[in-house]
Amino acid sequence: AGGRRGEVYVGIDVFGRGCFGGGGYNSDKALQVISRQRLSAALFAPGWVFETQDKAHFFQNQDKFWTLLSPYCPLSAPLPLPIVSSFGRGCGNVVAIDGKVVFEGAWTNLSAQDLQPSFNGKPTDFDPQRAINVNGVTVNISSAFNNGASLKLQGRFRKGGSTKLAVVRLFKVDVSLGDPLLVAYTFSEDKGSGVRHYLQLKTPKKTVVLLDPNAAHAGESSLKSRLPHW
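Residues numbered from 1 in each chain as written. Predicted model: local features only at pLDDT ≥ 70, side-chain atom pairs only at ≥ 80, totals over all residues. Heavy atoms only, no water.

Peer 1: How should the packing of aromatic side chains be read in this particular structure?
Peer 2: Working definition: an aromatic ring pair is given by the centre-to-centre distance plus the angle between the planes. By the definition in use, this model includes 7 aromatic pairs. Cluster of aromatic residues (ring-pair linked, three or more members): Tyr25, Trp48, Phe65 and Trp66. The ring of Phe50 carries Lys55 above its face, with NZ or CZ at 4.9 Å from the centroid. In this arrangement the basic side chain of Lys64 is found over the ring face of Tyr25, its NZ or CZ atom lying 4.1 Å from the centre. (Phe/Tyr/Trp six-rings, centres within 6.5 Å; stacked < 30°, edge-to-face > 60°. Lys NZ or Arg CZ within 6 Å of the ring centre and 35° of its normal.)

Take a look at the structure:
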């Protein structure tokens, strides 16, 4: 194929029928070989996760499956501004509008899916020497400010750690930023956690803190800010 290697698609059957690696949670083995040869891949029957694994832990299993594949999948940046997401997956146990729950009960509507975090595989770098580490980044379909989900961050503190900063990457973006730029986000936290939240933008040249919510009261907060001149 010469320079057109990327136009050659190699099929991966997640059920493992005649497939290198045996499919399932080993599907990444086949994708690794395909990627090494600079070919493209066509994934068949990813519904294997739902059809064969414990449905009570579907989201955990789904995240596990795609996390294994993520090192060999290219990242695509969101569309132009505005970038809006409540991390909804098109299903949930509640529906909320501006923090008010308007429906309680299981529901499914795939057209209501939101933009998902770009870094499925490794949203945060775990360092045991840090004073604070985020060791869990999951979508919570039982708590929402808008739509039917929220992003849940879990971590732990360590006395005497080398640094007190932990970074969770959310989105890869490829946009032109103007001034002013309106930025807002909403969060809730466990009482007495003492954790300070920052929303920052990292570019090849510098890192800019877009929002510093230290002045906000504890509990759910919504903040707005303008992007400083570069």
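Peer 1: Would you mind going over the pattern of salt bridges with me for this structure?
Peer 2: One side chain can pair with another of opposite charge once the charged atoms of both are near each other. What the rule picks out here adds up to 4 salt bridges. Between Arg4 and Glu7 there is a salt bridge; the shortest N-O distance is 2.9 Å. As far as burial versus exposure is concerned, Arg4 and Glu7 are alike and both exposed. A salt bridge links Asp28 to Lys29, with the shortest nitrogen-to-oxygen separation between them at 3.7 Å. Judged by its relative accessible area of 10%, Asp28 is buried. (Salt bridge = Lys/Arg side-chain N within 4 Å of Asp/Glu carboxyl O. Buried < 20%, exposed > 50% of the residue type's maximum accessible area, 1.4 Å probe, protein only.)

Peer 1: Would you explain helix α1 (residues 27-36) in this entry?
Peer 2: Residues separated by three or four positions in an α-helix point in the same direction, a consequence of the helix having 3.6 residues per turn. What α1 keeps buried is the set Ser27, Asp28, Ala30, Leu31 and Ile34. Along the long axis of α1, the arc covered by the buried residues comes to 155°, so they all point the same way. At its buried positions, α1 is contacted by β1 (9-13), β2 (40-44) and α3 (58-69). Once α1 ends, the next one or two residues include Arg38, with phi positive near 60°. (Helix = DSSP H or I, 4+ residues; strand = E, 2+ residues; numbered from the N terminus. Arc of directions from axis to C-beta. Contact = heavy atoms within 4.5 Å.)

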